[in-house]
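# Structural characterization, general
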Amino acid sequence: MVSNIFFKQIKGLIKKTITIKKKKRVETMIEFLYGIQYIMILVILHQTTKSIQPHVIYGTTFNQSSLTTPMLIPFISFDNNSKLIIDRLTAEEPMYHFVEYENEQDLTELFINSDSSLSTNGSTITSIPIFTGVMFNEISLESSVFNYSLVSADIFSDLDSGYSLQLELDLLQSFTELKSGLVMNQNISVIEFPYESSFFNINTVLFIIYLPLFFMYSLQQLIMLIVTEKKERIKEAMKVMGLSEGAYWLSNIIVQITMNLILTILMEIIAYSTGIFTKTNPLMIFIMFLIFSLSLIGIAFLLATFIENPKTAGGVSSIFLLFGISVSAFYQFYIKSRVPSLKYLIFLLSPAAFGEFLNQLSTLESNNLPVTWSSNEFLIPLAFMVLDFILYSLISWYSIQFYQSEYGSSKSFFYFLKSSSSSSSSSSNNDEEKKSIINYQFNNNNEIIDNIGINIKNLKKEFKNSLDNNNNKNNNIIAVDNLTLEIKKDQIFALLGKNGAGKSTTIGMLTGLIPPSSGDATILGMSMTHQMDDIRKHIGLCSQENRLYQQLTCAEHIELFSRIKGLEEEDIPQQVLTSLEEVGLLDQRDQTSTVLSGGQKRRLCLAIAFIGNPDVVFLDECSSGLDVYARHQIWKLLEKKKVGKTIILTTHFMEEAEALAETIAIMTKGKLNCQGSVLELKSKFGLGYNLILTFDNSIGSSSSSSTSSPSGLKKITGIEKPFEKFLFEHFPDCLPMPTNRDLILANREDLELSYSLTQQDNADLSKFFSSLEQLEGEFHIKRISLQMKTLEEIFLKISEDQ
Ligand SMILES: Nc1ncnc2c1ncn2[C@@H]1O[C@H](COP(=O)(O)OP(=O)(O)OP(=O)(O)O)[C@@H](O)[C@H]1O
Ligand SMILES: [Mg+2]
């Protein structure tokens, strides 16, 4: 059953697209004007070309004056009388050149080898490319026998038969004149019948080539929107927050069809009022245009899957449409009469199927007839356009699954076949691994549900090295290397690591943005590889990059994501207020994201992550770029929000992790290096303390052993030695530390000394302090501070060790 959230998501997305279209006013206006302008040009062309219809082609007339170049006539003579006729004819019409041949075989060879030039008496005469020969059989003037045959190259060709007929009449005339001794003043012509052109109908050409372009701009707009959402990774961000792919597609179809519906109605009003269409039912044309626009939406989905750049996508969609129209025209004007069955292949291009209907429409409308509902020219194109839409959509749906893996080890294009086979050893290994994870999940179900929010097992991600053209697996980048990690529920978990350690990749895999190369994880007991759709109902994400719509305001973003999360309509205004207030963006609620500062954009992304009160929230460097005040505000917010939630946080601010996180894990080169609470890490790494002492300046001034440093500060050497002696007695392995602190001392003459102590027992420390208390006056100590090493120092040490 389709859930309630599905419709809320559709509503959210439709509102989003309409808001964007309203804000991109010029483009939206052009979208309408473009279609209208097309139909207006069609009206003008239709009106002005009406006068030359019907299109009649008049036949050719042949007579002696048609012969402008010599006509060579080979002949065979079986009778001497034939020479008389030839001489007479040649005298009357000098364009006839008779050339005698011995027998029929010679004549046939001549015909086969002829290139429209014949040699006579050593000289070559170029003739018009007509081949008509004469075989004189028997000629007798006395007994009126005139027995001869004409040999013609192509008796069906208008041109050849026209000239042959003309020759025949001239031969008859010569014979008659010779026999009677009279000169006949005859003027005989061979005239071809006139015929009406069934081929060149200006309306058909206009309709087939012109009308499919009607939706071109709107197709471009759609594909550019889809590709922009893909390129800016906003669609992915919405999917992580629970957006279903179906809702995304359906919302685009609804908006696009609505736009095209308005366009089609406008087009019909113009077309019917100007007489472009008169007899055909307007509903039929309406249905055909809408179904054609639906098939174009399928094309947009298909092309958007493979193209990464919005402008390229716009260009390619136009080329695709023009290609479809060219194929359509080629089919209608050339292939249809020769190989009609090719239509079943050609109509897989929807503009060609649409062309079939348009051809019929123009032919019948020119004859003042309607296209009928039951005609094949309506039903077949209609069925094909629906089929095309389904076909394009299925291919793009399938390609989305395959193409999303572009980040790294991509799925095979035939992954659907592989999933059912377990023959290959690597896939069976993977299956085993998955089974063991699922078993683990079942066996320990209660424990996991109770305590563990996220359980990562051997998670690995290998990226293809883009610089490696040989696809050598050894050169792959291992971003996450068999990571195994448990994250308890209801706490803030900080994932630390140097740049490139694999933090974002781990979050990407856990949120389903990046497919893992191997391994699995359970989130709230659900498997990442098998139940991502269910997991996404429970998670929120603030990714490292800001994924925001340029045209939407802060409030509109919160509204959109509230609907994606399935919030009730009446709760959305309150959600907008609360979310923006929490991150301090209430003043900017109506600002579009383009005018927000970097820190404000981060805060908006953070607000989005918490919409719908998700159980698990991933925050990837959510505080980067924030000022100190804003960062502290965010810390307070996270403290407040963390109740009942598992928050996974990555940050490069150690004090942030120290202040917020119950558990800290440090990753290096894709592997987990250490994990524990701050105290646990500090004690585990045995880094101990920093001892910082400030000595009174009166010592320096009274001591003769003071020296001046180049900076003018007094460096007291007299006190250092005895103090260090005392210190080393208690802590033999302590080390003096460089200090810059003397530069910021209240009294510039004070002396500050710092020492690094390794991990110490509490008893040793208290013994040292009680001894020091007794000697405090002797050493003139002003201040003593003992600080545990910071997380930053642990982090640096771990990073240095790698
Ligand atoms: N799409 C990708 N293609 C190839 N390599 C990638 C890709 N994404 C990440 N990597 C590589 O994977 C490694 C881990 O990257 P990741 O973004 O997870 O690091 P990170 O710990 O989040 O770093 P940062 O602190 O800088 O955000 C890096 O070496 C990076 O170059
Ligand atoms: Mg990162």
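Note that the structure is a prediction, hence the values are computed from the model and not measured.

### Let's talk about the sheet that holds strand 3 (residues 71–77)
Overall, mixed pairing links the four strands, which are arranged 4-3-7-8 in an open sheet. Two strands lie at the open edges of the sheet, namely strand 4 (96–100) and strand 8 (145–152), each paired on one side alone. Adjacent strand axes in the sheet meet at a mean angle of 30 degrees, parallel and antiparallel pairs treated alike. For strand 3 and strand 7 (residues 132–140), the ladder comprises three bridges, and the chain directions are parallel. Residue phenylalanine 75 lies in a different strand from strand 7, and its bridge partner there is valine 134.

### Focus: empty space enclosed by the protein
Here the structure, examined in full by the defined rule, presents two cavities of 30 Å³ or more. What the largest cavity holds in volume is close to 110 Å³. Lining the largest cavity are Ala237, Met241, Leu541, Cys542, Ser543, Glu545, Arg547, Leu548, Phe561, Cys605 and Ile608. Mapped onto the lining of the largest cavity, the elements with two or more residues apiece are strand 16 (539–542) and helix 22 (598–609).

### Some words on the confidence of the model for the protein chain
On average, residues of the protein chain score 80 in pLDDT, and 81% of them reach the 70 mark or higher. Looking across the protein chain, the model is least confident in helix 16 (residues 425–443), with a mean pLDDT of 41, and most confident in helix 20 (residues 554–564), with 96. Segment residues 741–746 is flagged for pLDDT under 50; beyond a separation of four residues in sequence, or across chains, it makes 12 contacts in the model.

### Side note on the pairing of strand 19 (residues 663–668)
In terms of burial, strand 19 is a largely internal element, six of the six residues being buried. Here strand 13 (residues 491–497) pairs with strand 19 via five bridges, running parallel. Residue pairing for strand 19: leucine 496 is matched across the bridge by isoleucine 666. Pairing analysis gives five bridges linking strand 19 to strand 20 (residues 671–676), with the strands arranged antiparallel. For methionine 667, the partnering residue across the bridge sits in strand 20 and is leucine 672. In this antiparallel pair of consecutive strands, strand 19 and strand 20, the connection spans two residues, and lysine 669 shows a positive phi of 50 degrees.

### Remarks on unusual backbone geometry
The phi angle at aspartate 490 is positive, at roughly 55 degrees, despite the residue not being glycine. When you line up the elements, aspartate 490 lands in the loop between strand 12 (477–488) and strand 13. Unlike most non-glycine residues, lysine 669 shows phi in positive territory, near 50 degrees. Mapped onto the elements, lysine 669 comes out in the loop between strand 19 and strand 20.

### Description of the packing of helix 7 (residues 216–231) against helix 9 (residues 245–273)
Relative orientation of the contacting elements helix 7 and helix 9 amounts to 155 degrees, with a least axis distance of 11 Å. Here helix 9 runs roughly antiparallel to helix 7, going by the angle between their axes. The two elements helix 7 and helix 9 cross, and the hand of that crossing is right-handed. Across the interface between the two elements, Ser218, Leu219, Leu222, Leu225, Ile226 and Glu229 from helix 7 touch Tyr248, Asn252, Gln256 and Asn260 from helix 9.

### Regarding the coordination of the magnesium ion (ligand 2)
Of the protein atoms, only Ser504 (OG) and Gln544 (OE1) coordinate the magnesium ion (ligand 2), at distances of 1.9 to 2.1 Å. In this pair, serine 504 is assigned in helix 18 (residues 503–510) and glutamine 544 in the loop between strand 16 and helix 20, connecting sequence segments 40 residues apart. Accessibility expressed as a relative area gives 34% for glutamine 544, which makes it partly exposed.

### Focus: the UniProt feature "transmembrane region" (unreviewed entry) in the protein chain
Here the UniProt feature "transmembrane region" (unreviewed entry) sits at residues 205–227, 247–271, 283–307, 313–334 and 378–400. Split by type, residues 205–227 is 78% helix and 0% strand. Its first and last C-alpha atoms lie 34 Å apart.

### Side note on the packing of aromatic side chains
Taken as a whole and judged by the stated rule, the model has 31 aromatic pairs. Centroid distance phenylalanine 146 to phenylalanine 175: 4.4 Å. Interplanar angle 0 degrees. Geometry classified as stacked. Residue phenylalanine 146 is found in strand 8, and its partner phenylalanine 175 is found in helix 5 (residues 158–180); the two are separated by 29 residues along the sequence. The pair phenylalanine 146 / phenylalanine 175 is uniform in exposure class, with both members buried. Look at phenylalanine 289 and phenylalanine 354: their rings are 5.1 Å apart centre to centre, the planes differ by 85 degrees, and that puts the pair in the edge-to-face class. With phenylalanine 289 in helix 10 (residues 282–306) and phenylalanine 354 in helix 13 (residues 350–366), the pair connects residues that are 65 residues apart, well separated along the chain. Among the residues examined, phenylalanine 289 registers a relative accessible area of 0% and is labelled buried. Classification of phenylalanine 354 as buried rests on a relative accessible area of 0%. Through successive ring pairs, a cluster of aromatic residues spans Phe75, Tyr96, Phe98, Phe136, Phe146, Tyr148 and Phe175.

Rules used throughout
- Residues numbered from 1 in each chain as written.
- Chains lettered and ligands numbered in written order.
- Predicted model: local features only at pLDDT ≥ 70, side-chain atom pairs only at ≥ 80, totals over all residues.
- Heavy atoms only, no water.
- Pairing = 2+ DSSP bridges.
- Helix = DSSP H or I, 4+ residues; strand = E, 2+ residues; numbered from the N terminus.
- Axes fitted to C-alpha atoms, helices over the stretch in contact; angles between N-to-C directions.
- 1 Å grid on protein atoms, 1.4 Å probe; cavity = no way out; pocket = protein on both sides within 12 Å on 5 of 7 lines; lining within 4 Å.
- Points joined across faces, edges and corners; volume = space filled by probe spheres on them.
- pLDDT = per-residue confidence, 0-100.
- Contact = heavy atoms within 4.5 Å.
- Buried < 20%, exposed > 50% of the residue type's maximum accessible area, 1.4 Å probe, protein only.
- Parallel < 35°, antiparallel > 145°, perpendicular 65-115°, else oblique.
- Left-handed = near helix turned anticlockwise from the far one by under 90°.
- Donors = N, O, S within 2.8 Å, 3.2 Å for Na, K, Ca; no water.
- UniProt positions renumbered as here; feature names shortened; annotations may be inferred.
- Phe/Tyr/Trp six-rings, centres within 6.5 Å; stacked < 30°, edge-to-face > 60°.

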